[in-house]
Amino acid sequence: MLQRWSIHQTVAGLAVAAAFSLLFFPLLPPSENHALALAVGAIGLWATGAVSEYITALAFFTLAMLFKIANPGVIFGGFESAAWWLIFGGLVMGIAVKTTGLGERIAQRLARSFGNSYWGVIAGITVVGVTLGFIMPSSMGRAVLLMPIALSLADRFGFAPGSKGRTGVVLAAAFGCHVPTFSVLPANVPNMVLVGAAETAYHYVPTYGTYLLLHFPVLGFLKTAVMVPLIVWLYPDRPQATEARLTTPMSGHERWLTLLLAGALALWMTDSVHHISPAWVSMVVAVILLVPGIGLVDRKAFSQQINYGSLFYVAGIMGLGALVDKSGLGSRLATAILQILPLAPGSPVTNFASLSTVSTVVGLATTLPGVPAVLTPLAGEMAKASGLPLNTVLMSQVLGFSNPLLPYESAPLVVAMQLGGERMGPAQIMCLLLAAATVVLLLPLDFLWWRLLGWI
């Protein structure tokens, strides 16, 4: 443990040293160079977890404003985003699910379906998360809804906090409701940013069915099939056999919460019809739950159980992504990478590998939603250089932003782990191993699938 912590501290120290060196030996114009220095330091600390994530976020806010690296609207933009308020509302709902006993009731019913095997528990939670991707358009919302239930399930099977089994359950919920759903068109923010940017720049809008057929068989179905055994292998455990319990009638608080959650789910599922953001649906439910007299989330539970650290962390990640985008660093990075990559007509394997590489690397700097924002304007040039159709180049971005190398790239992953009460370490290991499995196994299969469909 000491050796592992020492390695993390060393890497974090190198990142901070690199950030300071950029200030004294600038590589870019002043505004971009300052943004680069801050990004290197923040990413290094978040990636290693050498200090608590929220402390890094607070340092990011402070330094960005102290040295006037960007205007407050960019730095603190995360607090204004709908996603941040969706998380806040979700935290309140999570408290209510736990304190009313509704989470335990749902977990009891799921346990009957999953059986008493660890494989069944991990596979069941993962599949539930993926299935929610076809119903709920918000990855944040899915994490908010699923994680309290997953924790109740962990308690039911005897997985205490700090146990491998509990970590496995949290990973199954976090990754299951997020990573495979990049293959479902409206299920994640980067997907919709890609579609919006492609329509604006090139008048190209993929249909739901086309997008699903191209991406889900490999990036959805097969990636799920890889994730489950990977979690079981990384964090093996044995659940305690659960005995059948007498089903007691639902309490008034449980019935009331069920109605609220059902209403929220219905509105989340139909946001394309009424155009109300899932965030404000979440906040309406949260306000109702907090109203004195209703009694589902009282003042004491709110004060003690709301994880403010996770809120600062998510806002910091969003602020970093906005800073990199507005400063021009993201476009500069993408352009530099494109000059290096061997894109050439008549080289389908090289082109496929190059395009997936550039979107993966850009995600490290811009976070996942920034990938399509940065790369879509460059898609025309990449299509000319590679000789590939424009729609193929546009869809290749999914190969990268569906494959995060580190958790900080994806706010929903961060939120899910925070809601699960776990540190980022297990998610970092999972991201790296899943990315390796994707590169070695899934991307070659994806290339063959794209060839079969005539996209390459």
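Preceding block: the structure.
Draft legend 1. Fine view of the packing of helix 18 (residues 329–340) against helix 19 (residues 348–366). The contact between helix 18 and helix 19 brings their axes to 10 Å, and the two run at 155°. As summarised for this structure, helix 18 and helix 19 are arranged roughly antiparallel, according to the angle between their axes. Of the two possible hands of crossing, helix 18 and helix 19 adopt the one that is right-handed. Between helix 18 and helix 19, the contacting residues are Gly330, Leu333, Ala334, Ile337 and Leu338 on the first element and Val358, Val361, Val362, Ala365 and Thr366 on the second. Among the residues forming the contact of helix 18 with helix 19, the class breakdown is 8 nonpolar, 2 polar and no charged.

Draft legend 2. Fine view of helix 10 (residues 164–176). Spanning 13 residues, helix 10 covers 17 Å between terminal C-alpha atoms, matching the ideal 18 Å at 1.5 Å per step. Of all the 13 residues making up helix 10, 12 are buried; the element is thus mostly covered by neighbouring parts of the structure. Listed in full, the buried residues belonging to helix 10 are Gly165, Arg166, Thr167, Gly168, Val169, Val170, Leu171, Ala172, Ala173, Ala174, Phe175 and Gly176.

Draft legend 3. Looking closely at the layout of surface pockets. Approximately 540 Å³ is the volume attributed to the second largest pocket. Lining the second largest pocket are 23 residues, and of these Lys98, Leu151, Arg166, Gln305 and Leu419 lie nearest its centre. Within the residue set of the lining of the second largest pocket, elements represented by two or more residues are helix 6 (82–100), helix 9 (139–156) and helix 24 (411–419). Ranked by residue count, the leading element in the lining of the second largest pocket is helix 6, at 6 residues. Residues that form the lining of the second largest pocket fall into these classes: 8 nonpolar, 10 polar and 5 charged.

Draft legend 4. Geometry of helix 7 (residues 102–114). If you check helix 7, its first and last C-alpha atoms are 18 Å apart, about what 13 residues at 1.5 Å a residue would give, namely 18 Å. Those residues of helix 7 lying buried are Leu102, Gly103, Arg105, Ala107, Gln108, Ala111 and Phe114. Just beyond helix 7, the residue with positive phi is Gly115, at close to 80°.

Draft legend 5. Quick look at the pattern of salt bridges. Per the counting criterion, the structure on display carries 2 salt bridges. Here Arg332 makes a salt bridge to Glu32, at a shortest N to O gap of 2.6 Å. Of this pair, Arg332 sits in helix 18 while Glu32 sits in helix 2 (residues 30–48), and the two are 300 residues apart along the sequence. Salt-bridge contacts for Asp155 lead to Arg166; the nearest nitrogen and oxygen are separated by 2.7 Å. You can see Asp155 sitting in helix 9 and its partner Arg166 sitting in helix 10, a full 11 residues away along the chain.

Draft legend 6. Structural detail: the nonpolar core. Core analysis: the largest hydrophobic core is formed by 105 residues, its most contacted members being Phe175, Leu289 and Leu323. Apart from the residues within four sequence positions on either side, Leu323 is in contact with Ala35, Leu38, Phe60, Ile69, Ala70, Val74 and Ile75. In this structure, Phe182, Leu219, Ala334 and Leu388 belong to the second largest nonpolar core, which totals 37 residues.

Draft legend 7. Summary view of empty space enclosed by the protein. According to the stated counting rule, one finds 1 cavity of 30 Å³ or more in the structure shown. Size it by volume and the largest cavity reaches roughly 30 Å³. What lines the largest cavity is simply Phe175, Val179, Lys223, Ser402, Asn403, Pro404, Cys431, Leu434 and Ala435. In terms of residue count, the dominant contributor to the lining of the largest cavity is helix 25 (residues 424–453) (3 residues). Its residues assigned to classes, the lining of the largest cavity comprises 6 nonpolar, 2 polar and 1 charged.

Draft legend 8. Quick peek at unusual backbone geometry. One non-glycine residue with positive phi stands out, namely Lys68, at about 55°. Among the secondary structure elements, Lys68 is positioned in the loop between helix 3 (53–66) and helix 4 (72–75). One non-glycine residue, His203, lies in positive phi territory at about 55°. Summarising the element assignment, His203 is placed in the loop between helix 11 (189–202) and helix 12 (208–234). Accessibility expressed as a relative area gives 72% for His203, which makes it exposed.

Draft legend 9. Summary view of the state of the cysteines. Overall, the coordinates contain 0 disulfides when judged by the stated rule. With no disulfide of its own, Cys177 has Cys431 as its nearest cysteine by sulfur position, at a separation of 13 Å. Of the residues examined, Cys431 reaches a relative accessible area of 1% and is grouped as buried.

Draft legend 10. Representation of the environment of Ala286 in the model. Summarising the element assignment, Ala286 is placed in helix 15 (residues 278–290). For Ala286, a relative accessible area of 1% translates into the label buried. Once the C-alpha coordinates of Ala286 and Ser354 are considered, the two residues, 68 residues apart in sequence, prove to be 45 Å apart. Discounting chain neighbours no more than four positions away, the residues touching Ala286 are Gly89 and Val92.

Definitions and cut-offs
- Residues numbered from 1 in each chain as written.
- Predicted model: local features only at pLDDT ≥ 70, side-chain atom pairs only at ≥ 80, totals over all residues.
- Heavy atoms only, no water.
- Axes fitted to C-alpha atoms, helices over the stretch in contact; angles between N-to-C directions.
- Helix = DSSP H or I, 4+ residues; strand = E, 2+ residues; numbered from the N terminus.
- Parallel < 35°, antiparallel > 145°, perpendicular 65-115°, else oblique.
- Left-handed = near helix turned anticlockwise from the far one by under 90°.
- Contact = heavy atoms within 4.5 Å.
- Nonpolar A, V, L, I, M, F, W, Y, C, P; charged D, E, K, R; others polar.
- Expected span 1.5 Å × (residues − 1).
- Buried < 20%, exposed > 50% of the residue type's maximum accessible area, 1.4 Å probe, protein only.
- 1 Å grid on protein atoms, 1.4 Å probe; cavity = no way out; pocket = protein on both sides within 12 Å on 5 of 7 lines; lining within 4 Å.
- Points joined across faces, edges and corners; volume = space filled by probe spheres on them.
- Salt bridge = Lys/Arg side-chain N within 4 Å of Asp/Glu carboxyl O.
- Core = buried A, V, L, I, M, F, W, Y, C linked by side-chain atoms within 4.5 Å.
- Disulfide = S-S within 2.5 Å.

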